[in-house]
Structure formats: structure tokens, C-alpha cells
Amino acid sequence: MRAAVVVFPGSNCDRDLAVAFREAGAEVTMVWHKETTLPDGVDIVGVPGGFSYGDYLRCGAIAAQSPICQAVKAHADRGGYVIGVCNGFQVLTETGILPGALLRNAGLKYICKVVDLKVETSNSAFTSAYNAGDVIGIPIAHHDGNFYADETTRNELRDSDRIAFTYADNPNGSVDDIAGILSENRRVLGMMPHPERAADAGHGGTDGVAMFRGLMGALTPA
């Protein structure tokens, strides 16, 4: 598997994501935000967490206008795989690759802790190594992780089995407890929790390892 991890000014989880991919067996290339193309033969693009461009305007809004995001969108449009984590999820909503928006946490405070997530579907490359109904412990670290989408969009997500993860105990006010969603073709995942921070026993948890290992066996080239 060949992975590309995008790096924006203010990214702080890019190397964590790269390490998680490498530990799962992927060849990883870091891609600066001013690049206009992705490396040849990339199977999956990782849009990492952090505070791209200092979260000015809205979280992810400026990053979504960066040159590399046009290439990421083109990759997704032709059926390539993309994972956006935390700020990366915000970027994917700002580009329109995924629906909805990430608002200020309901409690108006930054939250950093491990939370329990319920796996809502195993029908995706990202969740294939889990069973629907599994509860996994994954860290969160965000101030604007409150997922919102209108009722029509939420019904579409639910009816098409595109809600990937929900919070067991909602920490931020997200509608329907949504923590992560899939694109229509199920090849793009956006999630606020950080699976790459749960991929090393020395860091306190390994419940994210299955996601990255599962990707290795499940990806189909774009």
C-alpha cells in the first residue's frame, strides 16, 4: 500500500499518521500543502489532525483552498481512498468531499481524552477489521468537533450505512452522537477521534491498529 500524508502549516499529527501507516506496512510519502499533485500510484491519502493555518476563519477553511486539496479531491472523485482525522475531517467537509460541518464543541471547551466509540458498520475498508457493535477506545483532541448535518443528510447517512463510528458518551454535542462518516462510495472516511494515537501500546492503547492493518488487506487501487 502506498500512502501520502498531507502536511499543512499547523499540522501536528502528520508524523503520527505516517508512523501508523508505516507500522501497518505501507510506503509513506509526506506531501507539502503547496504541491499540486499527489505521488504516482498512491492508494490512500491521509489528511492529518492539527490546527492548519491556525484555524483562522473556520477550522479547515483555508487548508481546503490549498493547492494540494484539489489533487486530494480529484483522487477521491476517481475512487481513491482518503482518511481525514480531526482537522483532516474538518478539511474534508470544507472541500465538500464529505457532507456536514464541524462546529464548536457544545461545552465551548477544548477536550483531550480517550473516549469509547461504537463501530456502526464493518462494511468499509476502514472498519473491515472490526465488527459492527464493537466498542473501541480512541483519543480525541479538539475544540471544534461537534458534527452537524441537516436531517435529510443524517437520514441519508443512516439509511446508506455511512455512519462509521458513534460516541458511546457524546463529548461534544455531535448530532446523533456521530464521530465518523463515510462517503457515498465508502472510500473516504472522516472522523474526529485519532486512531493513529491508538496504534502503539507505549502510548496507552492499540485499538486503532486494526484500522490500519485492515486497510492493508482491503484497499483496491483507484
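Quick notes on the rules
- Residues numbered from 1 in each chain as written.
- Predicted model: local features only at pLDDT ≥ 70, side-chain atom pairs only at ≥ 80, totals over all residues.
- Heavy atoms only, no water.
- Buried < 20%, exposed > 50% of the residue type's maximum accessible area, 1.4 Å probe, protein only.
- Helix = DSSP H or I, 4+ residues; strand = E, 2+ residues; numbered from the N terminus.
- Disulfide = S-S within 2.5 Å.
- Arc of directions from axis to C-beta.
- Contact = heavy atoms within 4.5 Å.
- Core = buried A, V, L, I, M, F, W, Y, C linked by side-chain atoms within 4.5 Å.
- Polar contact = N/O pair within 3.5 Å; in protein donor to acceptor, adjacent residues only side chain to side chain.
- Phe/Tyr/Trp six-rings, centres within 6.5 Å; stacked < 30°, edge-to-face > 60°.
- Salt bridge = Lys/Arg side-chain N within 4 Å of Asp/Glu carboxyl O.

*Asks:* Explain helix α3 (residues 87-95) here, please?
*Replies:* Side chains of residues three or four places apart in an α-helix project in the same direction, reflecting 3.6 residues per turn. When you tally the buried positions in α3, you get eight out of nine residues, the bulk of the element. Of the residues one or two after α3, G96 is the one with positive phi, at around 85°.

*Asks:* How should I be thinking about the state of the cysteines in this particular structure?
*Replies:* Covalent bonding between the sulfur atoms of two cysteines defines a disulfide. Summed over all chains, the structure comprises zero disulfides. Of all cysteine sulfurs, the one in C86 lies closest to C13, which takes part in no disulfide; the gap is 6.8 Å. Between C69, a free cysteine, and C59, which holds the nearest cysteine sulfur, the sulfur-to-sulfur gap is 14 Å. By relative accessible area, C69 is classed as buried at 5%.

*Asks:* How should I be thinking about helix α1 (residues 14-23) in this particular structure?
*Replies:* Among all positions of α1, only D14, L17, A18, A20 and F21 are buried. In a view along the axis of α1, the buried residues occupy a sector of 160°, so they form one face of it. The exposed set on the far side of α1, more than 90 degrees from its buried face, consists of R15 and E23. Looking at the buried positions of α1, the neighbouring elements they touch are β1 (2-7), β2 (27-32), β3 (44-47), β4 (81-85) and α5 (209-218). Just downstream of α1, G25 is the residue with a positive phi angle, here 110°.

*Asks:* When you look at the nonpolar core in this model, what are you seeing that I'm missing?
*Replies:* A general feature of soluble globular proteins is that nonpolar side chains tend to end up buried together. The biggest cluster of nonpolar side chains holds 66 residues, and the ones touching the most others in it are F21, I44, L117, F147, F165 and L189. In terms of residue count, helix α2 (residues 67-77) provides more of this core than any other element does, five residues in total. In contact with F147, not counting residues within four places along its chain, are F89, P99, G100, A101, L102, L157, S174, V175, I178 and I181.

*Asks:* Could you clarify how one ought to interpret unusual backbone geometry in this entry?
*Replies:* Even without being glycine, Y53 reaches a positive phi, approximately 55°. Looking at the element boundaries, Y53 is found in the loop between β3 and α2.

*Asks:* I keep staring at the side chain of D144 and nothing clicks. Help me out?
*Replies:* Looking at where D144 falls in the secondary structure, it is placed in the loop between β7 (135-142) and β8 (146-148). Given the relative accessible area of 10%, D144 is considered buried. Among the polar contacts listed, one links the side chain of D144 to the side chain of H143, at a separation of 3.4 Å. With near-sequence residues (within four places) excluded, D144 lies in contact with C59, Q90, L102, L103, R104, N105 and M192.

*Asks:* Could you clarify how one ought to interpret the packing of aromatic side chains in this entry?
*Replies:* Both the distance between ring centres and the angle between the ring planes are used here to describe each pair of aromatic rings. Summed over all chains, the structure comprises four aromatic pairs. Ring centres of F8 and Y53 lie 6.5 Å apart, and the angle between their planes is 50°; on these two criteria the pair is classed as tilted. Note that F8 is positioned in the loop between β1 and α1 and Y53 in the loop between β3 and α2, a separation of 45 residues in sequence. Seen from their ring centres, F89 and F147 are 5.9 Å apart, and the 15° between their planes marks the pair as stacked. Taken together, the residues span a long stretch of sequence, with F89 in helix α3 and F147 in strand β8 at a distance of 58 residues. Using a relative accessible area of 1% as the deciding quantity, one classes F89 as buried. The class of F147 is buried, set by a relative accessible area of 1%.

*Asks:* Would you take a moment to explain the side chain of S174 for this structure?
*Replies:* Among the secondary structure elements, S174 is positioned in the loop between β9 (163-167) and β10 (178-182). Relative accessible area serves as the criterion here: at 3%, S174 is assigned to the buried category. Each residue touching S174, except ones within four places of it in the same chain, is listed here: G145, N146, F147 and Y167.

*Asks:* Please explain the pattern of salt bridges as it appears in this structure.
*Replies:* Pairs can form between side chains of opposite charge whenever their charged atoms are close. Counted according to the given criterion, the structure contains seven salt bridges. Among the ionic pairs, R58 bridges to E94, the shortest N-O distance being 2.8 Å. Note that R58 is positioned in the loop between β3 and α2 and E94 in helix α3, a separation of 36 residues in sequence. With a closest N to O distance of 3.3 Å, D77 and K73 form a salt bridge. In this pair, D77 and K73 both sit in helix α2, four residues apart, roughly one turn of the helix. A residue is classified by how much of its surface remains accessible, and K73, at 29% relative accessible area, is partly exposed. One connected set of salt bridges, linked through shared partners, spans R154, R158 and D176.

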